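Read off the chains here:
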Amino acid sequence: MKPKLVDPCPPDSAQVCWATRRLARAVLLRLRAAAFAIEPRIKTIVATSDGLVEYRLWRLHGDDGRLLLEFDLLREPGTEWKSLTRDVCFLARLADLRTHPPGYFCVHPLSDSRDIAIPLPSNPRGLTPRAIGPLL
């Protein structure tokens, strides 16, 4: 049985937090489907902020933490990655990591505050130290 997640939202914001979490889960499922269609081995997506509002795909990892692909942050990743990138940006903007614990909105902060990791639901191990080790 999974332990119940303690809701960090104040009672007057609980409805909004609940709706945002459901939306984040839906986006995460769509991310999983898009990632699987491109490369079935993708289990963790790492993105970095450009310092403004947008996030860019940076690294894709397998379930064993192995780096599958690293993007050049100065170039657009290509048309096949467009929907995945759009969902990553949307999910990153939904996640309020200052007031909610890591993973609450399906997003985990990394040691550099510009970077986030999104473990896909098909990743049974979640974030592994090996996957994020070079970033720490």
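In what follows, the structure referred to is the one given above.
Chemist: Even after reading the chapter, I still don't get the overall build of the chain, so can you show me in this structure?
Modeler: Looking only at helices and strands, the chain has 3 helices and 5 strands in total. Starting at the N terminus, the α and β elements of the chain follow one another as α-β-β-β-α-β-β-α. Per-residue burial over the chain gives 40% buried out of 136 residues.

Chemist: What is the right way to read the sheet that holds strand β4 (residues 108-109) from this model?
Modeler: Whether parallel or antiparallel, the strands of a sheet pair through hydrogen bonds between backbone atoms. Across the sheet, 5 strands lie side by side as β3-β2-β1-β5-β4; this open sheet has antiparallel pairing. Each end of this open sheet is capped by a strand with a single partner; those strands are β3 (67-70) and β4. Relative to strand β5 (residues 115-119), β4 runs antiparallel, the two being bridged by 2 bridges. Its bridge partner being in β5, His-108 is matched across the sheet by Ala-117. On top of the sheet, helix α2 (residues 82-94) reaches β1 (44-49), β2 (55-61) and β5; it is set at about 110 degrees to β2, its chief contact.

Chemist: What is the right way to read the environment of Arg-30 from this model?
Modeler: Positionally, Arg-30 belongs in helix α1 (residues 14-38). A polar side-chain atom of Arg-30 sits 2.5 Å from a polar atom in the side chain of Asp-87.

Chemist: Honestly, unusual backbone geometry in this entry has me stumped. Any pointers?
Modeler: Glycine aside, residues mostly have negative phi, and peptide bonds are mostly found in the trans state. The residue Cys-106 is not glycine, and still its phi comes out positive at about 70 degrees. Positionally, Cys-106 belongs in the loop between α2 and β4.

Chemist: Before we go on, may I ask you to explain the nonpolar core in this structure?
Modeler: Soluble globular proteins tend to bury their nonpolar side chains together. Among the nonpolar cores identified, the biggest contains 30 residues, and Leu-31, Ile-45, Leu-84, Leu-91 and Ile-118 are the most heavily contacted of them. Contributions of two or more residues to this core are made by α1, β1, β2, α2 and β5. It is α1 that provides the largest number of residues to this core, a total of 7 residues.

Chemist: Any chance you could explain the packing of α1 against α2 here in plain terms?
Modeler: When two helices pack together, their arrangement is given by the angle between their axes and by how far apart the axes lie. Two elements in contact, α1 and α2, have axes separated by 10 Å at closest approach and are oriented at 160 degrees. One way to sum up the angle between α1 and α2 is to call them roughly antiparallel. The two elements α1 and α2 cross, and the hand of that crossing is left-handed. Along its contact with α1, which presents Thr-20, Leu-23, Ala-24, Val-27, Leu-28, Arg-30, Leu-31, Ala-34 and Ala-35, the element α2 presents Ser-83, Leu-84, Asp-87, Val-88, Phe-90, Leu-91 and Leu-94. Residues of the contact of α1 with α2, tallied by class, amount to 12 nonpolar, 2 polar and 2 charged.

Rules used in this analysis
- Residues numbered from 1 in each chain as written.
- Predicted model: local features only at pLDDT ≥ 70, side-chain atom pairs only at ≥ 80, totals over all residues.
- Heavy atoms only, no water.
- Helix = DSSP H or I, 4+ residues; strand = E, 2+ residues; numbered from the N terminus.
- Buried < 20%, exposed > 50% of the residue type's maximum accessible area, 1.4 Å probe, protein only.
- Pairing = 2+ DSSP bridges.
- Contact = heavy atoms within 4.5 Å.
- Axes fitted to C-alpha atoms, helices over the stretch in contact; angles between N-to-C directions.
- Polar contact = N/O pair within 3.5 Å; in protein donor to acceptor, adjacent residues only side chain to side chain.
- Core = buried A, V, L, I, M, F, W, Y, C linked by side-chain atoms within 4.5 Å.
- Parallel < 35°, antiparallel > 145°, perpendicular 65-115°, else oblique.
- Left-handed = near helix turned anticlockwise from the far one by under 90°.
- Nonpolar A, V, L, I, M, F, W, Y, C, P; charged D, E, K, R; others polar.

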